[in-house]
Amino acid sequence: MPERQSVPPDWVPVERRWLGMDRATLLPAAIVVVLVAVTMWGLPALDRSVPVDDPARAGDVIRVDAVEFDPAAGWSIDSGVLASEPPESGGFPNTAQVSKDGFTFSVVSDTFDGTPAELMAQLQENNERLSNGATIDMGQVETFRTDAGARGVAGRFTFAGGAGLVAAYVFDGTGVEVVLTGPDETDDADLQADVVGMIRSIRPVTSVEAP
Amino acid sequence: MTRTELLDRRAQVVDEVGWGQRVSWVQPRNACLWVFVAVIAYGLWYAAAQVRSQSPAYGEPLGISALVFSAYAVLFWWFTTHIDRYSRQPLDLRVAAFLWGGFAATWAIALHGNSALISLYSKLADPSFAVDWGAGLAAPVVEEWGKGAGVLLLMFIAPRVLRTAFDGFVVGAFVGLGFEILEDILYALNSAPEGFGVDPVGSSLSTVALRLATGFTSHILYSAIFGAGVVYLVGTVAQRRRVGRGLLLCLVAMVLHWAWDSTATLAAGGPLIPVFLGLEVVVAIVAVLVVFHVTVGPERAAMRDLLAPEAEDGTLTAQEVDALAGAWKQRRAYRRGGGLHDRRRRRHRLEAGKDLADALGVSQGQETPRVEFARAELARFREDDGAPPAGPDA
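Residues numbered from 1 in each chain as written. Chains lettered and ligands numbered in written order. Predicted model: local features only at pLDDT ≥ 70, side-chain atom pairs only at ≥ 80, totals over all residues. Heavy atoms only, no water.

**Points about the overall build of chain B**
- When helices and strands are tallied, chain B shows 14 helices and 0 strands.
- The N-to-C order of helical and strand elements in chain B reads α-α-α-α-α-α-α-α-α-α-α-α-α-α.
- Scaling as 2.2 N^0.38, a compact globule of 394 residues should have a C-alpha radius of gyration of about 21 Å, and chain B matches this with 24 Å.
- Looking at chain B as a whole, 54% of its 394 residues are labelled buried.
- If you take every contact in chain B between residues at least 6 apart in sequence, the share linking residues at least 24 apart comes to 76%.
- Put simply, chain B shows about 16600 Å² of open surface, and 64% of that area lies on carbon and sulfur atoms.
- Averaged over its 36 positive side-chain charges, chain B has a centre that lies 3 Å from the centre of its 37 negative ones. (Helix = DSSP H or I, 4+ residues; strand = E, 2+ residues; numbered from the N terminus. Rg over C-alpha atoms; globule rule 2.2 N^0.38 Å. Buried < 20%, exposed > 50% of the residue type's maximum accessible area, 1.4 Å probe, protein only. Contact = heavy atoms within 4.5 Å. Areas by Shrake-Rupley, 256 points an atom, 1.4 Å probe, with all protein chains shown as cover. Lys, Arg positive; Asp, Glu negative; His and termini not counted. Charge placed at Lys NZ, Arg CZ, Asp CG, Glu CD.)

And the structure:
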């Protein structure tokens, strides 16, 4: 057998190939492919397969940063933290969502300097800025009062997937946006009462519980 | 050692550490290169889609934060290049590492993995647990391994270049830099709608300021430590496999990351948060300095071996070789050694000596016109007091 010459750089000898690829590179490539597959598809799929099993009970209070509300009993707490179970870090998330029978009720709290009507106008401006297809019927916005006597405004909005209800409140520099989406019509009086109750229950946190 | 032995040792060390070697980006039989390109391409596509969807609404904060963080990236690019002063990584390898960190590790790996893990913690434990520990138990695993995957792939894409643990340290730092910059821009973009979108630029700038202040002791630092750990774990021709040390470094990077992401919880949300942050910064800096000193040793020894024949024939003095193969203290001592009037000349000598080392690395230790020119440049800054240049025993 003739003597072998020196191997040029990047030449992969035939005995080191598998399906034309350099065998030495297959294992590290496979490790990274597995890592990417697990993080990109595996974990999200696992997350989707695990249902949320956290129904609200009578008397529960969900705290959304500086405000709180009473989720109707039986609604599923999709996200959000109960005021009775404060995180050790001391900060509550500024979003929460509960759902039932295809309806989702989401609450966002953040700083806002203005009136509820101005917050509603800002929300519509955001829709226009984002071009997300959502439109609040600003001509039909109505004023209401919460159980605690605070004033809020509410109106209907439409988006590509249907229609919903949006409500806005402002409590001393803290704005709150509530969005209800779900089936266009429902004759479930209990469900309607739940929604009204939750909308009217929103209030600022007056006594900060020790974490 | 005789001159022949010194030259043989030089040739051996140049080969061992991959000094002056280039990266080939045309390797159709390299599976790592295909994976590297595919995951970055996905990340770029995903990032472009995000920018396209967000820029109509938040184009201004996006542009401002991208501009600020680009300047920040230049600063840290310079710093990371500056510490890589021995067998320097080629520019294309540094760019590739940055791209993996910026587009593959962020958009393809971390974004999906972190969200899913935090949501799972919320469902399987409880929402308060996810608020307290979710980020700390998701990001250090997903992000560090995501960034470390880039170092692993580059080890097999550029096996003649990325050979020492210090190479892993530097390449890891560039992966971390890419991750840091793109993540910062994403955070700035995400904070634009805060406060119901009343002041998107102001909201973004608050985030920008926070990220600028904490940037160095986060991803760049963690990835540098983790990158060195990956090289120890895998092993190369210049660095024998040391699984225990590799795992330890990977663990250190993840623990530092965990502590950073869990600061508010560790401090129980109280007034001690700044104290904890300060402590974490100090511990992180100490850790990265220790890893730097552990990994840089072979690179410095290689520099000494590379330049030994130059000291033997009087091209460089022994003190200059010490400075070139040493730490900043040796370089400072050399620069100051001749008094104020000679400091500038000595600085030029060191720079020219580094150029000669680079030229010798590129030529694989062979005599070439470029090496000769580098020597001539050195000679321009010899002491001009009429005395012959100091020999190796000076």
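**Section: the overall build of chain A**
- Of the regular secondary structure elements, chain A holds 3 helices and 14 strands.
- If you line up chain A on its principal axes, its C-alpha atoms span 95 × 40 × 35 Å.
- Taking as baseline every contact in chain A between residues at least 6 positions apart, the subset at least 24 positions apart corresponds to 49%.
- Accessible surface computed for chain A: about 11500 Å², of which carbon and sulfur atoms make up 54%.
- For chain A, the centre of its 14 positive side-chain charges and the centre of its 32 negative side-chain charges are spaced 8 Å apart.

**Observations concerning the interface of chain A and chain B**
- Every contact between the two is made by 51 residues of chain A and, on the other side, 47 residues of chain B.
- When the buried area of chain A at its contact with chain B is split by residue, Asp10, Asp47 and Arg129 of chain A rank highest and sum to 16% of it.
- Scanning the region where chain A abuts chain B turns up 1 salt bridge.
- The interface formed by chain A and chain B holds 15 residue pairs in polar contact (both at pLDDT 80 or more) in total.
- Among the elements that line the side of chain A that touches chain B, the one with the most residues is helix H1 (residues 23-49) of chain A, at 16 residues.
- Split by residue class, the side of chain A that touches chain B holds 29 nonpolar, 12 polar and 10 charged. (Buried area = accessible area lost by both parts, 1.4 Å probe. Salt bridge = Lys/Arg side-chain N within 4 Å of Asp/Glu carboxyl O. Polar contact = N/O pair within 3.5 Å; in protein donor to acceptor, adjacent residues only side chain to side chain. Nonpolar A, V, L, I, M, F, W, Y, C, P; charged D, E, K, R; others polar.)

**Details of the nonpolar core**
- Within the largest apolar cluster, 117 residues are counted, with the highest numbers of intra-cluster contacts made by Trp100, Leu154, Phe169, Ile181 and Ile225 of chain B.
- In terms of residue count, helix H2 (residues 31-83) of chain B provides more of this core than any other element does, 17 residues in total.
- Summarising the domain contributions, this core has at least three residues from each of domain 1 (24-273) and domain 2 (313-384) of chain B.
- Excluding anything up to four places from it in sequence, isoleucine 181 of chain B contacts Phe69, Tyr72, Ala73 and Phe98 of chain B.
- Membership of the second largest hydrophobic core comes to 28 residues, among which are Val67, Ile77, Tyr169 and Ile199 of chain A. (Core = buried A, V, L, I, M, F, W, Y, C linked by side-chain atoms within 4.5 Å. Domains from an automatic or database assignment.)

**Examining the domain arrangement of chain B**
- Annotation of chain B at the domain level lists domain 1 (24-273) and domain 2 (313-384).
- Using C-alpha coordinates to define each centre, domain 1 of chain B is positioned 36 Å away from domain 2 of chain B.

**A look at a nonpolar patch on the surface**
All names here are of chain B.
- On the surface, a nonpolar cluster with roughly 320 Å² of combined accessible area is contributed by Val282, Val286, Val290 and Val294.
- With respect to the helices and strands, the residue valine 290 is situated in helix H10 (residues 273-312).
- With relative accessibility at 48%, the residue valine 290 sits in the partly exposed group. (Patch = residues over 30% accessible without salt bridge, like charges linked within 9 Å, V, L, I, M, F, W, Y side chains within 5 Å.)

**Quick word on the sheet that holds strand E4 (residues 67-69) of chain A**
Residues and elements named next belong to chain A.
- Taken in spatial order, the 4 strands line up as E6-E3-E4-E14 in an open sheet, and their pairing is antiparallel. Strands with a single pairing partner mark the edges of an open sheet, and in this sheet they are strand E6 (81-82) and strand E14 (203-204).
- Alignment of strand E3 (residues 62-64) against E6, held across 2 bridges, turns out to be antiparallel. Bridging across to E6, arginine 63 finds its partner in valine 81. (Pairing = 2+ DSSP bridges.)

**Description of the pattern of salt bridges**
Residues and elements named next belong to chain B.
- Within this structure, the stated rule accounts for 23 salt bridges over all chains.
- A salt bridge links aspartate 184 to arginine 211, with the shortest nitrogen-to-oxygen separation between them at 2.6 Å. Placement of aspartate 184 in helix H5 (residues 165-191) and of arginine 211 in helix H6 (residues 200-214) is noted, with a sequence separation of 27 residues between them.
- With a relative accessible area of 0%, aspartate 184 lands in the buried category.
- Given a relative accessible area of 17%, arginine 211 falls into the buried group.
- Glutamate 372 is the salt-bridge partner of arginine 375, the closest N and O atoms lying 2.7 Å from each other.

**Overview of unusual backbone geometry**
Residues and elements named next belong to chain A.
- Its identity is not glycine, yet leucine 19 carries a phi of approximately 50 degrees, on the positive side.
- Owing to a relative accessible area of 72%, leucine 19 belongs among the exposed residues under this scheme.
- With a phi angle near 50 degrees, aspartate 172 is a residue other than glycine that sits in the positive phi range.
- By the secondary structure assignment, aspartate 172 is in the loop between strand E12 (162-171) and strand E13 (174-181).

**Side note on the packing of helix H7 (residues 216-234) of chain B against H10 of chain B**
All names here are of chain B.
- At their nearest, the axes of H7 and H10 sit 10 Å apart, and the two run at 35 degrees to each other. Where H7 crosses over H10, the handedness of that crossing is left-handed. Contact residues: Thr217, Leu221, Ile225, Ala228 and Tyr232 in H7; Val281, Ala284, Ile285, Ala287, Val288, Val291, Val294 and Thr295 in H10.
- In terms of residue class, the contact of H7 with H10 is built from 11 nonpolar, 2 polar and no charged. (Axes fitted to C-alpha atoms, helices over the stretch in contact; angles between N-to-C directions. Left-handed = near helix turned anticlockwise from the far one by under 90°.)

**Observations regarding the environment of serine 106 of chain A**
All names here are of chain A.
- With respect to the element layout, serine 106 can be found in strand E8 (residues 103-111).
- Each C-alpha atom of the pair serine 106 and glutamine 124 lies 17 Å from the other, and the pair is 18 residues apart in sequence.
- Those residues within four positions of serine 106 in sequence are excluded, and the remaining contacts are Ala96, Gln97, Glu177, Val178 and Val179.

**Brief notes about helix H3 (residues 91-124) of chain B**
- Given a rise of 1.5 Å per residue, 34 residues ought to cover 50 Å, and the 46 Å separating the end C-alpha atoms of H3 of chain B matches this to within 8%.
- Bending of H3 of chain B peaks at approximately 50 degrees at the position of threonine 106 of chain B. (Expected span 1.5 Å × (residues − 1). Bend = angle between axes of the 7 residues up to and from the residue.)

**Considerations on the pairing of strand E7 (residues 95-100) of chain A**
All names here are of chain A.
- As paired strands, strand E5 (residues 76-79) and E7 are joined by 3 bridges and run antiparallel to one another. In the strand pairing of E7, serine 76 is matched with serine 99.
- Of the pairings in the sheet, the one linking E7 to E8 comprises 6 bridges and is antiparallel in character. The partner of valine 98 across the bridge, within E8, is phenylalanine 105.
- Adjacent in sequence and paired antiparallel, E7 and E8 are bridged by 2 residues, among which aspartate 101 carries a positive phi angle near 50 degrees.

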